[in-house]
Amino acid sequence: MDKHYGQIVELIVRKNGFSISELARLTHMNRRSVYNWFNQKYLKQEIIYQIGIIINHDFSVEFPELFRKDDFKNQNSANLNDLTFWEAPNPSLWKDKYIELLEKYNSLLINRIESNT
């Protein structure tokens, strides 16, 4: 039987008494992102791990193919202070890439127009 990782994680989160709002706050994400995780059939191992640390749950029981029994031992919420995992990429990076793409497109259009005249 094929597992739906998102649904399994959602069930465990709710069984452990965490609300979606609380999980979103603890992961520094919005609620929509959390719901999107739960809708994914194959959720990234890193996300499952971080959620396990946050809710203090050993996901090696549900996902023995992803984790070993000792992966969740001796972990505490101190790791959550490192926000690098949850941070979104730098918005200016995408803006710069978009502008570069637009400039290339404009250049191609100009070359095309000049070649047709």
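Residues numbered from 1 in each chain as written. Predicted model: local features only at pLDDT ≥ 70, side-chain atom pairs only at ≥ 80, totals over all residues. Heavy atoms only, no water.

Under an unreviewed UniProt entry, the name given to the protein chain is Lambda repressor-like predicted transcriptional regulator, and the organism recorded is Mucilaginibacter pocheonensis.

> Quick question: what am I supposed to make of helix α4 (residues 45-55) here?
Think of an α-helix as 3.6 residues a turn; residues three or four steps apart then line up on the same face. By the criterion of burial, α4 is predominantly enclosed, with eight of the 11 residues buried. Every buried residue belonging to α4 is among I47, I48, Q50, I51, G52, I53, I54 and I55, and all of these are buried. Residues of α4 that are buried in the fold lie against α1 (5-15), α2 (20-27) and α3 (31-39). Immediately beyond the C-terminal end of α4, within one or two residues, lies N56, with a positive phi of roughly 60°. (Buried < 20%, exposed > 50% of the residue type's maximum accessible area, 1.4 Å probe, protein only. Helix = DSSP H or I, 4+ residues; strand = E, 2+ residues; numbered from the N terminus. Contact = heavy atoms within 4.5 Å.)

> Please clarify how the packing of α1 against α3 should be interpreted in this entry.
In a packed pair of helices, the relevant descriptors are the angle between the two axes and the axis-to-axis distance. At a closest axis distance of 6 Å, the pairing of α1 and α3 adopts a crossing angle of 125°. On the basis of the axis angle, α1 is oblique to α3. Facing α1, whose interface residues are G6, Q7, V9, E10, V13 and R14, α3 presents Y35, W37 and F38. In terms of residue class, the contact of α1 with α3 is made up of five nonpolar, two polar and two charged. (Axes fitted to C-alpha atoms, helices over the stretch in contact; angles between N-to-C directions. Parallel < 35°, antiparallel > 145°, perpendicular 65-115°, else oblique. Nonpolar A, V, L, I, M, F, W, Y, C, P; charged D, E, K, R; others polar.)

> Would you explain the packing of α2 against α3 in this entry?
Two elements in contact, α2 and α3, have axes whose closest approach is 8 Å; the angle formed by their N-to-C orientations is 105°. Compared by their axis directions, α2 and α3 come out roughly perpendicular. Contact residues: α2 offers I20, S21, L23, A24 and T27, while α3 offers R31, V34, Y35, W37 and F38. A class-by-class count of the residues in the contact of α2 with α3 yields seven nonpolar, two polar and one charged.

> In this structure, what is going on with the packing of aromatic side chains? I would like to understand it.
Aromatic ring pairs are reported here in terms of the distance separating the ring centres and the angle at which the planes meet. For the structure on display, the rule yields four aromatic pairs. Seen from their ring centres, Y5 and F63 are 4.9 Å apart, and the 55° between their planes marks the pair as tilted. Highlighted residues: Y5 in helix α1 and F63 in the loop between α4 and α5 (91-116), separated in sequence by 58 residues. Owing to a relative accessible area of 12%, Y5 belongs among the buried residues under this scheme. Between Y49 and F67, the ring centres sit 6.3 Å apart and the planes meet at 35°, which makes this aromatic pair tilted. (Phe/Tyr/Trp six-rings, centres within 6.5 Å; stacked < 30°, edge-to-face > 60°.)

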